[in-house]
Every structure is written in C-alpha cells, then in structure tokens.
Amino acid sequence: MFRNSGLWLAATFLLAPALLWGQGFSGFLETTTPPPPKTYVEFDHYTAKVGEIVTLTVRVFPVTGWYLYSILVSPADGPEPTRIVTSTATHLAVGVLQETQPEWVEDEAFGVKLPVHRQAFVLTQRFKIAEGAKSGVQDWKGELHFQSCNQRICAPLQRLALTAPLEVDQDL
C-alpha cells in the first residue's frame, strides 16, 4: 500500500498527534497561567528628601476574562490575596496597602463569596524615605503578588516585578 513504510510511520507518529492536539482538542489543555496583568507604577512626587513620606500608586489592568483577588481575601478562604512586596531598603512602608473598591462575587472555584477585581484597579502604599538614603535616583523595586482566576480555573500564585523611580535629594 505505501512504498516507503518509514514515511508512513513518521506521518502517523509525528503528524497525526500534532493535528489532533492542534485541531480536535483545542482548549482541552487550556493554559492555567494567563498573561500577567498590565501595570503602571509611579510615586506622587518625582523627588523626595530623607524622612519624607511619598505614596506609590500601582495601576493594575487584569487580562480580559480573568480576575485578581482583592487584598482583603483571607488565605483561610483558599485564594491568595493581592499584595505588594518591597525589596529596597530605602523605601519603608508606612501603614497598610490600600485598594479601590473590589467587586464581591460567588467564587465557584472556592465555593464562597470573595472580593475580586475584574476591571482596572489601583493599589496605593505610603513609604517613608529611610534615614541614610543616598542622594540621586533611588528606584523602588518590588513585586506584585497575585492569583488570577476565570470562571473555570485558577492559576497558581504569580509574581510580577515592579519598579518606580524616585530621586532622593538631601538639599530639599
């Protein structure tokens, strides 16, 4: 029937599975990790002096069809709350992380009503510039920790690196 049995075997074992997975099973192995949300990070001032308190604003734009959990979620409920983790010693957190009003939804994945963000939202954190901070640009560096879900699946905890420039001026 086939003149070259090697060619037939290659087509059967290499091409057929690729065609099946690419066509007949599209969506079957849906990714559990959506693209990260878009973010925009900035301070309320471009310059600050040592000891001054500045506010960091993080605008978060969730991927369409996915939502992020609020900072108000208790890990006891199941999902991970959204939070900001700072990795620079120049910027000392003052007070607690704030967020715009979340939407409360019945979460099918965890079986409870939870606060989430489906639309763009804002996180704000106040920081004091540490004593001994050097003059010049002292970038705030940190991470946004979040968990994304849609109506069918939840992705594991994700981390997104964030940076915001701030010039420290000793002479202000």
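Residues numbered from 1 in each chain as written. Predicted model: local features only at pLDDT ≥ 70, side-chain atom pairs only at ≥ 80, totals over all residues. Heavy atoms only, no water.

## Comments concerning the overall build of the protein
Secondary structure assignment for the protein yields 1 helix and 14 strands. Out of the 172 residues in the protein, the part that is buried amounts to 33%. For the protein, the proportion of contacts with a sequence separation of at least 24, taken over those separated by at least 6, is 72%. Surface accessibility of the protein: about 10500 Å² in total, with carbon and sulfur atoms responsible for 57%. (Helix = DSSP H or I, 4+ residues; strand = E, 2+ residues; numbered from the N terminus. Buried < 20%, exposed > 50% of the residue type's maximum accessible area, 1.4 Å probe, protein only. Contact = heavy atoms within 4.5 Å. Areas by Shrake-Rupley, 256 points an atom, 1.4 Å probe, with all protein chains shown as cover.)

## Notes on the environment of E103
Secondary-structure assignment places E103 in strand β7 (residues 103–107). By relative accessible area, E103 is classed as partly exposed at 36%. For the pair E103 and Q119, spaced 16 residues apart in the sequence, the C-alpha separation amounts to 9.3 Å. The contacts of E103, once residues within four sequence positions are left out, are L114, P115, V116 and R118. Here the side chain of E103 touches R118 through a polar contact of 3.3 Å, side chain to side chain. (Polar contact = N/O pair within 3.5 Å; in protein donor to acceptor, adjacent residues only side chain to side chain.)

## Details of the confidence of the model for the protein
When pLDDT is averaged along the protein, the result is 84, and 80% of the positions lie at 70 or above. When pLDDT is averaged over each helix and strand of the protein, the minimum, 48, is found for helix α1 (residues 5–24) and the maximum, 98, for strand β3 (residues 53–61). Confidence over residues 14–29 falls short of pLDDT 50; this stretch has 9 contacts with residues more than four positions distant or in other chains. (pLDDT = per-residue confidence, 0-100.)

## Structural notes on the state of the cysteines
By the definition in use, this model includes 1 disulfide. Across a sulfur-sulfur distance of 1.9 Å, C149 and C154 are joined as a disulfide pair. Torsion about the S-S bond of the C149 and C154 cystine: about 115°, corresponding to right-handed handedness. (Disulfide = S-S within 2.5 Å.)

## Considerations on the pattern of salt bridges
Side chains carrying opposite charge are able to pair once their charged atoms draw close together. What the rule picks out here adds up to 3 salt bridges. Of the charged contacts in the structure, one is a salt bridge between R83 and E80, with a shortest N-O distance of 3.8 Å. Assessed through its relative accessible area of 31%, R83 is described here as partly exposed. E143 is paired through a salt bridge with R159; the nearest N and O atoms lie 4.0 Å apart. Note that E143 is positioned in strand β11 (residues 140–146) and R159 in strand β13 (residues 158–164), a separation of 16 residues in sequence. A relative accessible area of 29% places E143 in the partly exposed class. (Salt bridge = Lys/Arg side-chain N within 4 Å of Asp/Glu carboxyl O.)

## Here's the deal with the sheet that holds strand β8 (residues 112–117)
With antiparallel pairing, 4 strands are arranged side by side in an open sheet as β7-β8-β4-β12. Unpaired on one side and paired on the other, β7 and β12 (148–149) mark the two borders of the sheet. Alignment of strand β4 (residues 67–69) against β12, held across 2 bridges, turns out to be antiparallel. Its bridge partner being in β12, Y67 is matched across the sheet by C149. (Pairing = 2+ DSSP bridges.)

## Considerations on the packing of aromatic side chains
The tally for this structure, following the rule as stated, stands at 3 aromatic pairs. With a centroid separation of 6.5 Å and 75° between ring planes, the pair formed by F43 and F127 is classed as edge-to-face. Placement of F43 in strand β1 (residues 38–43) and of F127 in strand β9 (residues 121–129) is noted, with a sequence separation of 84 residues between them. F127 sits in the buried class, given a relative accessible area of 1%. Pairing F127 with W140 gives two aromatic rings, centres 6.0 Å apart and planes at 50°, and the pair type is tilted. Separated by 13 residues along the polypeptide, F127 in strand β9 and W140 in strand β11 bring together distant segments of the chain. Ring pairs connect the aromatic residues F43, F127 and W140, which therefore count as one cluster. (Phe/Tyr/Trp six-rings, centres within 6.5 Å; stacked < 30°, edge-to-face > 60°.)

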